[in-house]
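Single-letter residue listing:
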Amino acid sequence: MAQTLRTMVVTWNVGNAPPPACLDDLVPKDGGEMDLVVVGMQECSYTAAKDSNAVDKITLHSGKTASPYDFIGALQFQLGEEWEVLENPEVMEMRLVVFARKELHDQISDVQSAWERTGIGHALGNKGGLAVRFRFEGSTIAFVSCHLAAHEGPEHRNRRNSDCEEVLSGTSFGWENADMLAQTDHVIWMGDLNYRLDLGLGDPDLAATLKAMKSKEERAAFQFKRVKDQIDAGNFAELWVNDELTKEIKDGKVFHGFTEATCMEGGMYCFHPTFKVKRTNVAPEVEYTNQRTPSWCDRVLWRSCLLYTSDAADEEDSVDLGGRRIIKKKKKVREHSRGIIARGEDNKVGM
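From a predicted model like this one, the values you see are computed outputs, not experimental measurements.

Time to look at the packing of aromatic side chains. Pairs of aromatic rings are described using the distance from one ring centre to the other and the angle between the two planes. Taken as a whole, this structure holds 11 aromatic pairs when the rule is applied. Taken together, the ring pairs connect F236, W240, Y269, F271 and W296 into an aromatic cluster. Looking at K29, its charged tip hangs above the ring of F77, at a distance of 4.6 Å from the centre. A cation over an aromatic ring shows up here: R160 above the ring of Y195, its NZ or CZ 5.4 Å from the ring centre.

Given below as structure tokens:
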């Protein structure tokens, strides 16, 4: 029988600043009803606050102990002693941590981590991706956290696409001749993916207007005002059609088979863009720096790739995803299915 695995996924570009002393708005105290808590961080390098709650030792699934970075230690403090760290890969300012309840320890095995640098010369680790993969009962699950190439314009958009491919090929597990997607049942991909809002994508006339402008500064000021006006009016649907990542996925250029935002009304993000936001203590106000076009740079996507047969008579070996039963027979596979990982309590994996 499939087991419900309640999972919380967080991605945060922390801007090289320490987290608040209280993390209740980020992760529920003691983990709430979650079974897994996964946090990907970008630009995470700072001097720890004197009143930091971070623990100085964490226990890994392997049984080893480690001295965590301050943010990881603060998350462990927030979750409490009933949680352990499966893995915690780090490269420069990129960090990924996967927490699991200790009661699931014996159901989790084959924990591995990997990373790929995509920065300058494809060697510098200021950009790239981190991955943690493990087996839960009979299913394999991987979490990937990325920080992709920045800046606006088609050439930078194409670079982000190639960064994704590089991360995917560089974080292989097991069989070296196949990438992670081919060997993993469920992949959840998060991070500061840096895809921007480009007003020229949804309106050819507007694209021509932007192209005719004499300078980058003029285009930036024009886009900022138009986007900010739509945000203030709550017209998120108008903005979504100009989202680079949505268009790249639709055009088949990146993240083939991945799903995003289906749990939200209209299948799109209906909250303020997360880039580039000023630090402010005046919640819930959201202010933007006017040098950049506000955009949904911080994303979470997911993908299932399961083999099954159409013969449902034998349900001995199966996976239940949100009420949909996928039969994984041991005899010859006759059909291939790309499923969808649902969020929250509907996400059920296991054998």
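Looking now at a nonpolar patch on the surface. Taken together, M92, I120 and L124 make up a surface patch of nonpolar side chains, about 310 Å² in accessible area. Tracing the backbone shows I120 in the loop between β9 (108–117) and β10 (128–136).

This prediction gives the chain a mean pLDDT of 85; 84% of its residues lie at or above 70. Long-range and interchain partners of residues 308–351, a stretch whose pLDDT sits below 50, account for 116 contacts in this model, where long-range means more than four residues apart.

Another point: unusual backbone geometry. Looking along the chain, the bond that leaves F275 and enters K276 is cis, with omega of -15°. Mapped onto the fold, K276 is located in the loop between α7 (244–250) and β13 (298–304). Phi at E137 takes a positive value of approximately 55°, unusual for a residue other than glycine. The residue E137 is located in the loop between β10 and β11 (139–147) in this model.

Taken together, D30, E81, E82 and E103 make up a surface patch of like negative charges. Assignment of secondary structure puts E81 in the loop between α1 (70–79) and β6 (83–87). Looking at E81, the relative accessible area reads 69%, which means it is exposed.

The next point concerns the environment of S109. With respect to the secondary-structure elements, S109 resides in strand β9. Overall, the relative accessible area of 29% leaves S109 in the partly exposed class. On a C-alpha basis, the gap between S109 and R135 in space is 5.2 Å, while along the polypeptide they are 26 residues apart. Beyond its immediate stretch of four places on either side in the chain, S109 contacts F134 and R135.

In space, the 5 strands of this open sheet follow the order β9-β10-β11-β12-β13, with mixed pairing throughout. Each having just a single partner strand, β9 and β13 make up the two edges of the open sheet. In this sheet, adjacent strand axes meet at a mean angle of 15° when their direction is disregarded. Relative to β11, β10 runs antiparallel, the two being bridged by 9 bridges. When the sheet's bridge partners are listed, R133 is paired in β11 with A142. Its contacts with the sheet put helix α2 (residues 154–170) on β9, β10, β11 and β12 (186–192), and the angle it makes with β9 is roughly 135°.

Following the sequence through the fold, Y69 ends up in the loop between β5 (65–66) and α1. Spatially, the C-alpha atoms of Y69 and E90 are 9.4 Å apart, while their sequence positions differ by 21 residues.

Among the nonpolar cores identified, the biggest contains 24 residues, and V37, F71, L75, V97 and F99 are the most heavily contacted of them. Listed by contribution, the elements that provide at least two residues to this core are β2 (7–13), β3 (36–42), α1, β6 and β8 (94–101). Non-local contacts of L75, meaning those with residues more than four positions away in its chain, are made with L23, L26, V27, V39, V97 and F99.

Before going further, it helps to spend a moment on the side chain of R299. Tracing the chain through its elements places R299 in strand β13. Looking at R299, its side chain comes within polar contact range of the side chain of D243, at 2.9 Å. Polar contacts involving the side chain of R299 include one to the main-chain carbonyl oxygen of W296, which spans 2.8 Å. In this view, R299 contacts T11, W189, M190, G191, L193, W240, D243, L245, T246, E260 and Y269; residues no more than four positions away in its chain are not counted.

What follows covers the side chain of Q78. Position of Q78 among the secondary structure elements: in helix α1. One polar contact links Q78 to D24, side chain to side chain, over a distance of 2.8 Å. In this structure the side chain of Q78 is engaged in a polar contact, spanning 2.8 Å, whose partner is the backbone oxygen of V27.

Residue position: Q42 is located in strand β3. Judged by relative accessible area, which is 1%, Q42 ranks as buried. Placed 30 residues apart in sequence, Q42 and W12 show a C-alpha to C-alpha distance of 6.4 Å. If sequence neighbours within four positions are ignored, Q42 has contacts with T11, W12, N13, V14, G15, E93, S145, C146, H147, G191, D192 and D298.

Criteria and thresholds
- Residues numbered from 1 in each chain as written.
- Predicted model: local features only at pLDDT ≥ 70, side-chain atom pairs only at ≥ 80, totals over all residues.
- Heavy atoms only, no water.
- Phe/Tyr/Trp six-rings, centres within 6.5 Å; stacked < 30°, edge-to-face > 60°.
- Lys NZ or Arg CZ within 6 Å of the ring centre and 35° of its normal.
- Patch = residues over 30% accessible without salt bridge, like charges linked within 9 Å, V, L, I, M, F, W, Y side chains within 5 Å.
- Areas by Shrake-Rupley, 256 points an atom, 1.4 Å probe, with all protein chains shown as cover.
- Salt bridge = Lys/Arg side-chain N within 4 Å of Asp/Glu carboxyl O.
- Helix = DSSP H or I, 4+ residues; strand = E, 2+ residues; numbered from the N terminus.
- pLDDT = per-residue confidence, 0-100.
- Contact = heavy atoms within 4.5 Å.
- Lys, Arg positive; Asp, Glu negative; His and termini not counted.
- Charge placed at Lys NZ, Arg CZ, Asp CG, Glu CD.
- Buried < 20%, exposed > 50% of the residue type's maximum accessible area, 1.4 Å probe, protein only.
- Pairing = 2+ DSSP bridges.
- Axes fitted to C-alpha atoms, helices over the stretch in contact; angles between N-to-C directions.
- Core = buried A, V, L, I, M, F, W, Y, C linked by side-chain atoms within 4.5 Å.
- Polar contact = N/O pair within 3.5 Å; in protein donor to acceptor, adjacent residues only side chain to side chain.

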